[in-house]
Amino acid sequence: MSFDWNLVLEILPALLSAFLVTVQASLLGMAVALLLGLVWALLRRSGNRLVAWSATWTIEFIRSTPLLVQVYFLFYVLPSFGLSWSPLVTGVIALGLHYSAYTAEVYRTGIDNLPKGQWEAAMALNLGRFDTYRSVVLPQAIPPMIPALGNYLVAIFKETPVLAAITVNELLQTAKLIGADSFRYLEPLTVVGILFLIASLLSARLVEKLEARFVPTE
Amino acid sequence: MFTGGLIHFHLLVLRLAPRTGGRSFGLQTEVFFFLRAFGSTHPGLEPAVTATRRVLCTGLKQLFYGVFMPPPFDLLPALLSGVVVTVQLTLGAAVVAFVAAFIAGLGRFSRSRLQRSLAKIYVDIFRGTSALVQLFWVYFGLPLLGISLDAMAAGILVLGLNVGAYGSEVVRGAIKSVPREQVEAAVALNLSERQTLWYIVLPQAVLFMIPPFGNLLIELLKGTALVSLITLSELTFRGQMLRTAMFRSGEIFGVILLLYFLLSLMITFGMRRLERRLAIGQDYGGVE
């Protein structure tokens, strides 16, 4: 059997609309990861030893276990706590939770890289902890982090096919359904691969541009 | 739990009767067989004693599980064989990844333009698409072109090549981070290109590679869970099967997460030891 180009044209519209679901899941997942990652990073810097220690190990745990198993855990266990979310919402939460462990590290290094004088100046101005973070630390620490965070957005985008395991109709799931229907997996999977490749290469270019814009060169 | 084990044991002993040829024994005889199970045997009693011995073993096993494996841990025996497959998959893919990372990483420095662009294309394709899509493509797509791999082979190949693509960037970065003067000194000493690579550049570059390789190995371990979706019966797959059989999802996936965590802690500590081993006798050229 060889590659069937007519089939490619036939399935392209369905795959393109699934592509939108993939993009949607990645963006929402990234939003969760950005918020939750900041929470982890701040908890880690907490003055309370126990809080900081628990945050460190929670991050370590989330980061060193597979996303797929975390997705299953949330998908099958949350309903027994009365939280019956749709597969997409569960998937977005799982993606966000998983990558919050990575973004937490980005936030941490970003905050650590800020010169000590900034903290001292904030203290000299009698700013509270909240005001120090809000008006002094984060506005300076976040812009240099943007490229690294952009890389994680691309990583999340590439991990969304995992959500096919809980029947989210993203790219891979749609390709699987087409394959099961037509007994041809090669064409839908190839198109999915190419769509991912194009999107990743374009976004890699974008991240490079962000780097030029936001990361100060010595 | 202890009484649970004993009750279970007693039930098993009572079930002895049909196994010993339909004859039923009184409790006294049961105890007799029980005691004889470890001692010498009379030829006529042979079947009853072996049966008792077997029952005794099962009973002790039950007792052991009852005492040492309270609920979530009673799942462990069923899951551990999945861990073995996961470890095999990780090790196999790690070998492929290591080789691919060095070939592609060194290929990026090649003088031949063809080799350079081949290495770049390989890295872009495997880093630019999703590991799961690659896995599906090889397992479900390639057979249509006449190439069929079983789930284990597909998993090792795809995960290996995927992680190898990321690893090649590590190799490239580490080689670049070796100070230029080192290569210049090697040229001054009239070392050949191959000697420079093997004796000057790589021994220094390898140290830079260890921590990122450790992280990639953990990413690889996490990636092996994906192979469950192309029906390889590794840890995650066992979990799904147990879930449909037992309806204890929380415990099952909780234990599985812990097992993966333990495996990655082992990788972390192993890599740290390796780094310390390799650092012995290395001079950082005053840079540290």
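Predicted, not measured: the structure shown is a model, and the values here were computed from it.

Chemist: Account for the overall build of chain A, with residues named and values stated.
Modeler: Helix and strand counts for chain A come out as eight helices and zero strands. For chain A, the α and β elements follow one another from N to C terminus as α-α-α-α-α-α-α-α. At a minimum sequence separation of 6, the contacts of chain A that also span at least 24 residues come to 78%.

Chemist: So what's going on with the overall build of chain B? Which residues, and what values?
Modeler: Scanning chain B from N- to C-terminus turns up 13 helices and zero strands. Starting at the N terminus and ending at the C terminus, chain B contains elements arranged as α-α-α-α-α-α-α-α-α-α-α-α-α. Taken over 288 residues, chain B has a buried fraction of 33%. A separation threshold of at least 6 residues defines the contact pool for chain B, and within that pool the share at least 24 residues apart is 73%.

Chemist: Tell me what's going on with unusual backbone geometry, and back it up with residues and numbers.
Modeler: All names here are of chain A. Despite not being glycine, Asn 126 shows a phi value in the positive range, around 65 degrees. One non-glycine residue, Thr 167, lies in positive phi territory at about 60 degrees. On the secondary structure map, Thr 167 appears in the loop between helix 6 (129-159) and helix 7 (171-182).

Chemist: Give me the interface of chain B and chain A: which residues, what numbers.
Modeler: The interface of chain B with chain A comprises 28 residues on the first partner and 31 residues on the second. Elements with a minimum of two residues in the side of chain B that touches chain A: helix 7 (113-128), helix 8 (131-141), helix 11 (193-223), helix 12 (235-246) and helix 13 (249-279) of chain B. Take the side of chain B that touches chain A: its biggest share by element is eight residues, from helix 13 of chain B. Of the residues that constitute the side of chain B that touches chain A, the class distribution is 17 nonpolar, eight polar and three charged.

Chemist: Explain the confidence of the model for chain B to me, using residue names and the numbers behind them.
Modeler: Residue and element names in this part refer to chain B. Summarising the model, chain B shows a mean pLDDT of 84, and 78% of its residues fall at 70 or more. Put simply, helix 1 (residues 2-14) is where chain B has its lowest mean pLDDT, 46, and helix 9 (residues 151-177) is where it has its highest, 96. Overall, residues 1-11 carries pLDDT values under 50, and its contacts beyond four positions in sequence, including any with other chains, amount to 15 contacts. Per-residue pLDDT stays below 50 along residues 17-24; that stretch engages in seven contacts with residues further than four places along the chain or on separate chains. The complex model carries a pTM of 0.82, and its ipTM stands at 0.90.

Chemist: For helix 6 of chain A, give the residues involved together with the corresponding values.
Modeler: Given 3.6 residues to a turn, an α-helix orients residues that are three or four positions apart in the same direction. Residue and element names in this part refer to chain A. With 31 residues, helix 6 ought to run about 45 Å at 1.5 Å a step, yet its terminal C-alpha atoms sit only 36 Å apart, falling short of that. Along helix 6, the sharpest kink reaches roughly 50 degrees, centred on Val 137 and followed within four residues by the proline Pro 139. Listed in full, the buried residues belonging to helix 6 are Ala 141, Ala 148, Leu 149, Gly 150, Tyr 152, Leu 153, Val 154, Ile 156, Phe 157, Lys 158 and Glu 159. Contacts from the buried residues of helix 6 go to helix 1 (5-44), helix 3 (67-77), helix 4 (87-112) and helix 8 (186-214).

Chemist: Just give me the short version of the confidence of the model for chain A, but keep the residues and values in it.
Modeler: Counting all residues, the mean pLDDT for chain A is 92, and 98% of those residues have values of 70 or more. The secondary structure element of chain A with the lowest average pLDDT is helix 8 of chain A, at 90, and the one with the highest is helix 2 (residues 49-63) of chain A, at 96.

Chemist: Kindly report on the environment of B:Ser130, identifying the contributing residues and their values.
Modeler: Tracing the backbone through its elements, the reader meets B:Ser130 in the loop between helix 7 and helix 8. Overall, B:Ser130 belongs to the buried group, with 26 C-beta atoms counted inside 10 Å. Non-local contacts of B:Ser130, meaning those with residues more than four positions away in its chain, are made with A:Lys158, A:Glu159, A:Pro161 and A:Phe196.

Chemist: Give me the lowdown on the nonpolar core, citing residues and values where you can.
Modeler: Judged by nonpolar contacts, the single largest core of 113 residues is most densely connected at A:Val71, B:Leu135 and B:Phe136. Here this core gets eleven residues from one element, more than from any other, and that element is helix 9 of chain B. Setting aside anything within four residues of it in sequence, one finds B:Leu135 in contact with B:Ala154, B:Gly155, B:Val158, B:Leu226, B:Val227 and B:Ile230.

Chemist: Any details on helix 8 of chain A? Residues and values, ideally.
Modeler: End to end, helix 8 of chain A covers 41 Å across 29 residues, agreeing with the expected 42 Å (1.5 Å per residue, within 8%). Considered for burial, the residues of helix 8 of chain A that qualify are A:Leu186, A:Glu187, A:Pro188, A:Leu189, A:Val191, A:Val192, A:Gly193, A:Leu195, A:Phe196 and A:Ser200. The inward-facing, buried residues of helix 8 of chain A abut helix 1, helix 6 and helix 7 of chain A together with helix 7 and helix 8 of chain B.

Basis of the calculations
Residues numbered from 1 in each chain as written. Chains lettered and ligands numbered in written order. Predicted model: local features only at pLDDT ≥ 70, side-chain atom pairs only at ≥ 80, totals over all residues. Helix = DSSP H or I, 4+ residues; strand = E, 2+ residues; numbered from the N terminus. Contact = placed C-beta atoms within 7 Å. Buried ≥ 20, exposed ≤ 12 C-beta atoms within 10 Å, placed from the backbone. Nonpolar A, V, L, I, M, F, W, Y, C, P; charged D, E, K, R; others polar. pLDDT = per-residue confidence, 0-100. Expected span 1.5 Å × (residues − 1). Bend = angle between axes of the 7 residues up to and from the residue. Core = buried A, V, L, I, M, F, W, Y, C linked by C-beta atoms within 7 Å.

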